[in-house]
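Each chain, letter by letter, is given below.
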Amino acid sequence: DVNAMQWISLAVVSSRGGHGALSTAMHAHYRAFSTATRRHTVMHAWVIDKYGDNSVLRFTKNASFPIIDYPNEVIVKVHAAGLNPIDINMRGGYGAATLKMKRDPLNIKRTDSEFPLILGRDVSGVIMECGLDVSYFKPGDEVWAAVPPWKQGSLAEFVVLSANEVSHKPKSLSHVEAACMPYVASTAWSVLVNTGGLNKDNCAKKRILILGGSGGVGTFAIQLLKSWGAHVTVTCSQNAEHLVRGIGADDVVDYTARPVEKTLKSLENFDLILDSIGGETESWALSLLKPWCGAKYVTLVTPFLRNTDQLGLADGMMRSGVTIATKALKHLTKGVHYRWGFFAPSGSALDEICELVDAGKIRPVLQEQFAFPRVPRAFQKVEGGHARGKTVVTVARVQGE
Ligand SMILES: NC(=O)C1=CN([C@@H]2O[C@H](COP(=O)(O)OP(=O)(O)OC[C@H]3O[C@@H](n4cnc5c(N)ncnc54)[C@H](OP(=O)(O)O)[C@@H]3O)[C@@H](O)[C@H]2O)C=CC1
């Protein structure tokens, strides 16, 4: 039973989630025990059994309880789960081919079906159980994490994650507040730090443009860049100006008062543009960068998963490779770098973000909160667009929240 598992977890010593010293044989024994004791254990969750509109969301009391398959994994009891546009897209089948491959590359689970699929990419909760290689966490720790899209999501009572994806939650935030951040924070960190080459030591004189500042990624990216001393210009609707200025944006351009590119061209050029809008912005935005200075344009809106959905894995990746190479080369000849940016799970990035949050430099931007039975309403809210921060679902009732 669950208590026995917790006791066993407490009795073992290991690392955050690397390849620890404890033997595989020992883990195999543990896993067999875990599987056997859990065979009849189920949990509450929102699942989908096929792709489609909001009507495919189904509440169940009988979702499979997550199992620790690898010694570096932890099971988290979910207190709050955040929603993102990718949940709406995945509900409709976005990325199904690639994500299914990544989910079970060796077909260990011996099933052709990814269903029932649990959505929800942000989690804030409490560690319930640790694999044998995990020493960085212990049961009872309050944690937050972004759940990678190839894993079962957080709209459930429990979720299993690699310890490398998990971080101790900021002490200054409630679970609901914490669930606003991990997915957008990990995405912003991945595109700004890993792809864009920015960090706390090189931002002081940089001019950054965020196309789409009022949503989840934008509201987080503004605060991260401001905490690193950058000058941040943001595009958003006129009625979001107050919000983005309140979290630090220096210049705000209303994109609904056309033509936005003309207004932006009247400003000094930029060192980096983070594009969370895509589409035709690419036709004019790159001309706003400083040429021949290593300036970068990073877009979050890429055809990568759509290509593999439509063409299959090999042809889809080939098409994506040709597209990105062609665009990168074209823009390189004009003296600027063109990049695609992606979400990447990282517990260590969340550790650094946690420090900024607890230091009061980044705050959650919670737009609306829904109780667990109202998950379909939360999806409708996100699907309606015009986000002003984040939408969060409370999964477990926490005293005081
Ligand atoms: N590649 C990857 O791995 C990832 C990609 N993404 C993608 O990044 C995008 C942003 O994500 P997220 O911030 O979570 O989305 P949100 O839905 O939270 O926010 C989008 C925001 O953009 C605003 N907006 C819409 N059109 C424009 C425009 N033309 N100019 C400026 N602002 C505009 C919207 O408000 P309003 O309409 O009222 O102006 C809204 O505030 C999404 O397309 C998402 O799929 C996100 C994470 C990872």
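Residues numbered from 1 in each chain as written. Predicted model: local features only at pLDDT ≥ 70, side-chain atom pairs only at ≥ 80, totals over all residues. Heavy atoms only, no water.

Colleague: Any chance you could break down the overall build of the chain for me, citing the residues and the numbers?
Modeller: Within the chain, the regular secondary structure consists of 14 helices and 15 strands. Classification of the 401 residues of the chain by burial places 53% in the buried group. Taking the intrachain contacts of the chain between residues at least 6 apart in sequence as the baseline, contacts between residues at least 24 apart amount to 72%. Just so you have it, the chain exposes about 17,800 Å², and 55% of that area is on carbon and sulfur atoms. (Helix = DSSP H or I, 4+ residues; strand = E, 2+ residues; numbered from the N terminus. Buried < 20%, exposed > 50% of the residue type's maximum accessible area, 1.4 Å probe, protein only. Contact = heavy atoms within 4.5 Å. Areas by Shrake-Rupley, 256 points an atom, 1.4 Å probe, with all protein chains shown as cover.)

Colleague: Which residues make up the site of the ligand, and what values do they have?
Modeller: Every one of the 20 residues lining the ligand counts as a neighbour, but Ser-214, Ser-237, Tyr-255, Phe-343 and Ala-387 are closest to it. In this structure, Leu-300 approaches the ligand through a main-chain N or O atom, which is 2.9 Å from a nitrogen atom. One nitrogen or oxygen atom from the main chain of Gly-341 is found 3.1 Å from a nitrogen atom belonging to the ligand. Listing elements by their share of the shell around the ligand, those giving two or more residues are helix H6 (182–195) and helix H7 (216–227). (Near = heavy atom within 4 Å. Polar contact = N/O pair within 3.5 Å; in protein donor to acceptor, adjacent residues only side chain to side chain.)

Colleague: Which residues make up helix H12 (residues 313–332), and what are the values?
Modeller: Each α-helix winds once per 3.6 residues, and so residues spaced three or four apart point in a common direction. Compared with an ideal rise of 1.5 Å per residue, which puts 20 residues at 28 Å, H12 spans 28 Å between its outermost C-alpha atoms and is within 8% of the ideal. Three or more residues of H12 are buried, namely Gly-316, Ser-320 and His-331. The buried residues of H12 occupy one face: seen down the axis, they fall within an arc of 30 degrees. In this structure, H12 carries Ala-314, Met-318, Val-322 and Leu-329 as exposed residues pointing more than 90 degrees from its buried face. Its buried side turned inward, H12 meets helix H11 (304–311) and strand E13 (337–340). (Expected span 1.5 Å × (residues − 1). Arc of directions from axis to C-beta.)

Colleague: Lay out the sheet that holds strand E8 (residues 207–211) in plain terms, naming residues and giving numbers.
Modeller: Backbone-to-backbone hydrogen bonds join strands into a sheet, with any given pair of strands oriented parallel or antiparallel. The 6 strands are arranged E10-E9-E8-E11-E12-E13 in an open sheet whose pairing can be described as parallel. Lying at the two open borders of the sheet, with one neighbouring strand each, are strand E10 (251–254) and E13. Recorded for the sheet is a direction-independent mean angle of 15 degrees between the axes of neighbouring strands. In terms of strand pairing, strand E9 (residues 231–236) meets E10 through 4 bridges, oriented parallel. The partner of Thr-235 across the bridge, within E10, is Val-253. (Pairing = 2+ DSSP bridges. Axes fitted to C-alpha atoms, helices over the stretch in contact; angles between N-to-C directions.)

Colleague: Describe the packing of H6 against H7, and please don't skip the residues or the numbers.
Modeller: Axis separation between H6 and H7 bottoms out at 9 Å; the angle between their running directions is 60 degrees. Put simply, H6 runs oblique to H7. Note that H6 runs across H7; the crossing there is right-handed. Side by side, H6 and H7 meet where Val-184, Ala-185, Thr-187, Ala-188, Trp-189 and Leu-192 of the first sit next to Gly-216, Val-217, Phe-220, Ala-221, Leu-224 and Leu-225 of the second. Of the residues assigned to the contact of H6 with H7, the class counts are 10 nonpolar, 2 polar and no charged. (Parallel < 35°, antiparallel > 145°, perpendicular 65-115°, else oblique. Left-handed = near helix turned anticlockwise from the far one by under 90°. Nonpolar A, V, L, I, M, F, W, Y, C, P; charged D, E, K, R; others polar.)

Colleague: Give me the pairing of strand E6 (residues 158–162): which residues, what numbers.
Modeller: Burial of E6 is extensive: 5 of the 5 residues sit out of reach of the surface. Neither face of E6 is left uncovered, since the one carrying Phe-158, Val-160 and Ser-162 and the one carrying Val-159 and Leu-161 both have all their residues buried. Of the strand pairs in this sheet, strand E3 (residues 73–83) and E6 are connected by 5 bridges, and their pairing is antiparallel. What sits directly across from Val-74, in E6, is Leu-161.

Colleague: Can you break down H7 residue by residue, with the values?
Modeller: With 12 residues, H7 extends 17 Å from end C-alpha to end C-alpha; this agrees with the ideal 16 Å at 1.5 Å per step. Counting buried positions along H7 yields 10 of 12 residues, so the element is predominantly enclosed.

Colleague: If you had to explain a nonpolar patch on the surface to someone new, which residues and values would you point to?
Modeller: A cluster of nonpolar side chains, Met-101, Leu-313 and Met-317, forms an exposed patch at the surface whose accessible area comes to about 250 Å². Checked against the element boundaries, Met-101 lands in helix H4 (residues 96–103). Residue classification places Met-101 among the partly exposed residues on the basis of a relative accessible area of 41%. (Patch = residues over 30% accessible without salt bridge, like charges linked within 9 Å, V, L, I, M, F, W, Y side chains within 5 Å. Salt bridge = Lys/Arg side-chain N within 4 Å of Asp/Glu carboxyl O.)

Colleague: Account for the packing of aromatic side chains, naming residues and giving values.
Modeller: Counting across every chain of the model gives 9 aromatic pairs. Here Phe-59 and Phe-372 contribute two aromatic rings whose centre-to-centre distance is 6.1 Å and whose plane-to-plane angle is 85 degrees, an arrangement assigned as edge-to-face. Of this pair, Phe-59 sits in strand E2 (residues 57–64) while Phe-372 sits in the loop between strand E14 (366–371) and helix H14 (375–383), and the two are 313 residues apart along the sequence. Classification of Phe-372 by relative accessible area gives buried; the value is 9%. (Phe/Tyr/Trp six-rings, centres within 6.5 Å; stacked < 30°, edge-to-face > 60°.)

Without other data, these values stay purely geometric and don't point to any function.
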